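Summary of structural features
Each chain is listed here by its residues.
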Amino acid sequence: MSINHRSEGLLGRRGLKIAPSVLAADFGRLRQEVQAAEKAGADLLHLDVMDGHFVPNITIGPDIVAAVRAAVSIPIDSHLMISRPRDYVKRFADAGADIIFIHVESEGDTAETLGHIRECGAAAGITLNPETPLDAVRPFLGMADFALVMTVRPGFGGQKFMASELAKAKAISAMGKPVAIDGGVGPLNARACVENGAEILVAGTSVFRGGDIAKNIAELRKAALGGS
Ligand code: DX5
Ligand code: ZN
């Protein structure tokens, strides 16, 4: 199977993209929240998948991804913070994920899993935790369409941004790979993220906080692009 048209569109469109992290949305109003984010100019949506084993939290499964897929037409990514991602790639691809991010720290054959993601029609992303050295992902960048640099320890939204991780984003972007940054991203650090090569800013709390998603996305985008 070839890569789907939404993933292709994302890959073909360089420049800043804002990816609201649905983890910070009101799950009781999930459909309205993701539609509001789309209407507010989100470029894609980020869905955090946690298994209570790879990280100490349990969140979204494939059925929720499918529900979000049915509610919006922008691309969605699935960030798999699970111990055995290979076993679930097809489920998330079939549910409609356009990019599937796996962690280099998870179990299994990382290269094979990245290939399998593409076989399933999604773009493949490789992710690394703050403690993980850049050298751990280097061998896999050629097999990935995107890299995701964590600027918090994965597991929960609303944590403090770790500026120490920006150097990894810069180095990966210098190798020509589109980079996303995830964790604690907001107007105060968005410009630094972009200056260090980030093309996709994943932001949960700073997008959904206070309920004015359009205002929050506009502020984030303005800050990222260097507006005052
Ligand atoms: C953390 C998740 C993030 C999280 C970001 O494990 O991967 O995507 O939702 O949330 P904020 O923007 O609140 O740090
Ligand atoms: Zn995430």
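Preceding this section is the structure that the text describes.
Here's what I pulled together on the structure shown here. (Residues numbered from 1 in each chain as written. Chains lettered and ligands numbered in written order. Predicted model: local features only at pLDDT ≥ 70, side-chain atom pairs only at ≥ 80, totals over all residues. Heavy atoms only, no water.)

Considering the overall build of the chain
Looking only at helices and strands, the chain features 9 helices and 8 strands. Compactness check: the chain gives a C-alpha radius of gyration of 16 Å against a globular reference of 17 Å for 228 residues, within 12% of the reference. When the backbone C-alpha atoms are referred to their principal axes, the chain occupies close to 45 × 35 × 35 Å. A buried classification covers 55% of the 228 residues belonging to the chain. Accessible area of the chain: about 9,400 Å², with a carbon and sulfur share of 53%. (Helix = DSSP H or I, 4+ residues; strand = E, 2+ residues; numbered from the N terminus. Rg over C-alpha atoms; globule rule 2.2 N^0.38 Å. Buried < 20%, exposed > 50% of the residue type's maximum accessible area, 1.4 Å probe, protein only. Areas by Shrake-Rupley, 256 points an atom, 1.4 Å probe, with all protein chains shown as cover.)

Brief notes about the environment of K17
Tracing the chain through its elements places K17 in strand β1 (residues 17–20). K17 sits in the buried class, given a relative accessible area of 1%. Considering only alpha carbons, one finds K17 and L44, 27 residues apart in sequence, at a separation of 7.5 Å. Discounting residues that sit within four places of it in the chain, K17 has contacts with L10, D43, L44, E199, I200 and L201. A distance of 2.9 Å separates a polar side-chain atom of K17 from the backbone oxygen of G15. (Contact = heavy atoms within 4.5 Å. Polar contact = N/O pair within 3.5 Å; in protein donor to acceptor, adjacent residues only side chain to side chain.)

Points about the coordination of the zinc ion (ligand 2)
Only H46 (NE2), D48 (OD), H79 (ND1) and D182 (OD) from the protein coordinate the zinc ion (ligand 2), and they sit 2.0 to 2.3 Å from it. Taken together, the 6 donor atoms coordinating the zinc ion (ligand 2) and their angles of 72 to 172° define a geometry best described as octahedral. The sequence pattern describing where the donors of the zinc ion (ligand 2) fall on their chain is H-x1-D-x30-H-x102-D. With a gap of 103 residues between them, H79 in strand β3 (residues 76–81) and D182 in strand β7 (residues 179–182) connect regions that are remote in the sequence. Taking the relative accessible area as the measure of exposure, H79 reaches 0% and is therefore buried. (Donors = N, O, S within 2.8 Å, 3.2 Å for Na, K, Ca; no water. Tetrahedral: all angles 85-135°; square planar, octahedral: opposite > 155°, others 65-115°.)

Brief notes about the site of ligand 1
Near ligand 1, the surroundings consist of 20 residues, among which S21, D182, G184, G204 and T205 are the closest. Within the side chain of S21, an N or O atom sits 2.7 Å from an oxygen atom of ligand 1. One of the side-chain nitrogen or oxygen atoms of H79 is found 3.3 Å away from an oxygen atom of ligand 1. Contact with the protein chains hides 99% of the accessible area of ligand 1, taken as 380 Å² for the molecule alone. Ranked by the residues each element gives to the shell around ligand 1, the list is headed by strand β2 (residues 45–50), at 3 residues. Here the shell around ligand 1 is composed, by residue class, of 8 nonpolar, 10 polar and 2 charged. (Near = heavy atom within 4 Å. Nonpolar A, V, L, I, M, F, W, Y, C, P; charged D, E, K, R; others polar.)

A few points about the sheet that holds β3
Judged by pairing direction, the sheet is parallel, and its 8 strands sit side by side in the order β1-β8-β7-β6-β5-β4-β3-β2 without closing on themselves. Every interior strand has two partners, whereas the edge strands, β1 and β2, have only one. If you compare each strand with its neighbour and ignore which way they point, the axes differ by 25° on average. The strands touched by helix α5 (residues 110–119) are β4 (99–103) and β5 (123–128); relative to β5, the strand with the most contacts, the crossing angle is about 145°. (Pairing = 2+ DSSP bridges. Axes fitted to C-alpha atoms, helices over the stretch in contact; angles between N-to-C directions.)

Here we look at the pattern of salt bridges
Taken as a whole and judged by the stated rule, the model has 16 salt bridges. Here D43 makes a salt bridge to R13, at a shortest N to O gap of 3.6 Å. Of this pair, D43 sits in the loop between α2 (30–39) and β2 while R13 is found in the loop between α1 (5–12) and β1, placing the two residues 30 residues apart along the sequence. When its relative accessible area of 12% is taken as the criterion, D43 is described as buried. We note a salt bridge from R14 to E199, for which the minimum N-O separation is 2.6 Å. On the criterion of sequence distance, the pair formed by R14 in the loop between α1 and β1 and E199 in strand β8 (residues 198–203) is long-range, its members being 185 residues apart. Bridged by salt links that share partners, the residues R6, R69 and D98 form one connected network. (Salt bridge = Lys/Arg side-chain N within 4 Å of Asp/Glu carboxyl O.)

A short note on the side chain of N189
Turning to its location among the elements, N189 is positioned in the loop between β7 and α7 (190–195). Classification of N189 by relative accessible area gives buried; the value is 12%. A distance of 3.0 Å separates a polar atom in the side chain of N189 from the backbone oxygen of G184. With near-sequence residues (within four places) excluded, N189 lies in contact with F161 and G184.

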